[in-house]
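Listed below are the residues making up each chain.
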Amino acid sequence: MGHGHGPPSRSRSLRLAGVTDAVLEWSVAGSFTRIGTIVRRRLEHWADPVPRPGRVVVVTGATSGLGKEAALELGRLGCTVVLVGRSVDRLAEVKAAIEADGGTAVSEQADLSDLSQSAALADRIRARFDRLDVLIHNAGALLSEYHAGPQGHEVTVTVHVLSPYLLTERLRSPLKASDRAKVISMTSGGMYTEAFDLEKLEMRRDRYKGSVAYARAKRAQVVLARAWQRRAPDGGIDFSAVHPGWARTPGVAESLPRFARIAGPLLRSPAEGVDTLIWLATSPPGEPGGGQLWLDRRARPLYRVPSTRVDEATELAQGEELLTWLDAATHTEN
Ligand SMILES: NC(=O)c1ccc[n+]([C@@H]2O[C@H](COP(=O)([O-])OP(=O)(O)OC[C@H]3O[C@@H](n4cnc5c(N)ncnc54)[C@H](OP(=O)(O)O)[C@@H]3O)[C@@H](O)[C@H]2O)c1
């Protein structure tokens with residue numbers, strides 16, 4: 001089978017898809033730009049996401065770019081979307097757009113650079129919903145200048161790591177009420193450039209460099225998702241990380257204007273950027289399972305740069321160290 005005439009066999013086309021995928025992944029640019037998504041979608045015959053009426057999904061950073069796109073799409077797919085953002089006006093706009101499409105959304109205003117606001121947000125969500133099916137930690141930013149939040153923590157770490165930890169821990173009971181809930185963190189391919197080192201995670205004002213702080217926080221998000229999953233592999237919640245490749249969003253235009261100009265037409269659309277996030281959020285309970293980093297509907301390597309690689313035992317220890325630090329930092333300071 002598969003020689004000469006007739007349609008290629010299923011195993012041959014799967015092999016071709018696998019090889020093409022590997023070449024794209026290896027090339028970085030081929031993988032992260034829209035080339036990656038366009039080729040993989042065709043070769044792997046991606047199915048449309050499945051509608052999930054009544055699934056309750058929290059999306060942080062739902063007022064712009066990828067989070068907004070994800071919220072709109074999840075609303076179209078029948079989910080009840082809990083929109084989290086800083087701006088009441090922008091939240092109202094997204095909520096109105098979801099409702100105009102026949103969907104259901106509620107707005108929750110919170111600035112995740114303030115741990116007390118994150119704690120209050122979790123309490124409000126818990127009071128409103130007995131059950132949460134999906135929690136998406138998408139809010140994020142690459143900040144060129146050092147800022148500290150009200151609790152004294154540097155803001156990049158607060159928004160990407162401390163607040164997601166606090167929210168997740170405070171929402172465990174409604175998450176556990178779901179039939180295998182999903183907690184999904186939106187990380188970045190930028191994380192490949194930095195190793196995990198707890199001592200260096202929170203950068204000091206005098207050493208601050210935005211792109212490095214961002215990459216370290218994004219690496220920490222992946223370490224955290226895997227540590228959570230490892231602690232309770234059958235705990236009723238699957239923890240995953242996903243990265244969007246490079247997508248055209250207000251966030252990228254603002255923080256990386258030169259890159260946005262040069263990469264221009266090769267950047268993914270927001271819809272392409274959230275395809276895998278939507279696929280994960282709408283997949284059946286327990287599928288595809290937690291503890292992985294995803295791009296274009298496949299689990300991806302954790303390391304690309306040799307100096308960032310650690311063995312499994314070290315990764316396990318780092319995950320535990322991060323959990324212990326987060327627990328202390330979020331218990332004592334909100
Ligand atoms: N676009 C890409 O190519 C790309 C690549 C890798 C990773 N990512 C990640 O994808 C996520 C979304 O990025 P994006 O490109 O869509 O950026 P964006 O257009 O700037 O959207 C970011 C969202 O996060 C919210 N946010 C930022 N700081 C917040 C805070 N302190 N409290 C609450 N919400 C806050 C923003 O709220 P406001 O509306 O109030 O500003 C906005 O809704 C981020 O985690 C980013 O790191 C993006």
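Quick caveat: nothing in here was measured; it's all calculated off a predicted structure.

Each value, and the rule that gives it
- Residues numbered from 1 in each chain as written.
- Predicted model: local features only at pLDDT ≥ 70, side-chain atom pairs only at ≥ 80, totals over all residues.
- Axes fitted to C-alpha atoms, helices over the stretch in contact; angles between N-to-C directions.
- Helix = DSSP H or I, 4+ residues; strand = E, 2+ residues; numbered from the N terminus.
- Parallel < 35°, antiparallel > 145°, perpendicular 65-115°, else oblique.
- Left-handed = near helix turned anticlockwise from the far one by under 90°.
- Contact = placed C-beta atoms within 7 Å.
- Domains from an automatic or database assignment.
- Nonpolar A, V, L, I, M, F, W, Y, C, P; charged D, E, K, R; others polar.
- Pairing = 2+ DSSP bridges.
- Buried ≥ 20, exposed ≤ 12 C-beta atoms within 10 Å, placed from the backbone.
- Arc of directions from axis to C-beta.

Visitor: If you had to explain the packing of helix α7 (residues 155–170) against helix α10 (residues 210–231) to someone new, which residues and values would you point to?
Guide: Put simply, α7 and α10 touch, their axes get as near as 8 Å, and they point 15° apart. Between α7 and α10, the angle is such that the two are roughly parallel. Pair α7 / α10 crosses with left-handed handedness. For the pair formed by α7 and α10, the contact residues are Thr-156, Val-157, His-160, Val-161 and Tyr-165 on the first element and Ala-213, Tyr-214, Ala-217, Lys-218, Ala-220, Gln-221 and Leu-224 on the second.

Visitor: So what's going on with the domain arrangement of the chain? Residues and values would help.
Guide: Taken domain by domain, the chain consists of domain 1 (1–46) and domain 2 (52–332). Computed over C-alpha atoms only, the centres of domain 1 and domain 2 are separated by 29 Å. On the domain 2 side, the residues contacting the 11 residues of domain 1 number 14 residues. Among the elements of the structure, α1 (10–27), α2 (29–32) and α3 (34–43) are those that each provide at least two residues to the side of domain 1 that touches domain 2. Take the side of domain 1 that touches domain 2: its biggest share by element is five residues, from α3. Of the residues belonging to the side of domain 1 that touches domain 2, the class tally is three nonpolar, four polar and four charged.

Visitor: Break down the sheet that holds strand β1 (residues 56–60) for me, citing the residues and quoting the values.
Guide: Reading across from one edge, β3-β2-β1-β4-β5-β6-β7-β8 is the order of the eight strands in this open sheet, with mixed pairing throughout. The open sheet has two free edges, formed respectively by β3 (104–109) and β8 (298–299), since each of these has just one partner strand. Across the sheet, helix α4 (residues 65–76) touches β1, β2 (80–85), β3, β4 (134–137) and β5 (181–186), and the angle it forms with β1 is around 165°. Across the sheet, helix α5 (residues 88–100) is in contact with β2 and β3; its angle to β3 comes to roughly 175°.

Visitor: Now, about α3: what can you tell me, with residues and values included?
Guide: Taken together, the buried positions of α3 are Gly-36, Thr-37 and Arg-40. Each buried residue of α3 lies within a common arc of 90° when the element is viewed along its axis, so the set occupies one face. Residues of α3 that are exposed and point over 90 degrees away from its buried face: Ile-38 and Arg-42. Taken together, the buried residues of α3 touch α1, α2 and α13 (270–281). His-45 lies just past α3 and shows a positive phi near 50°.

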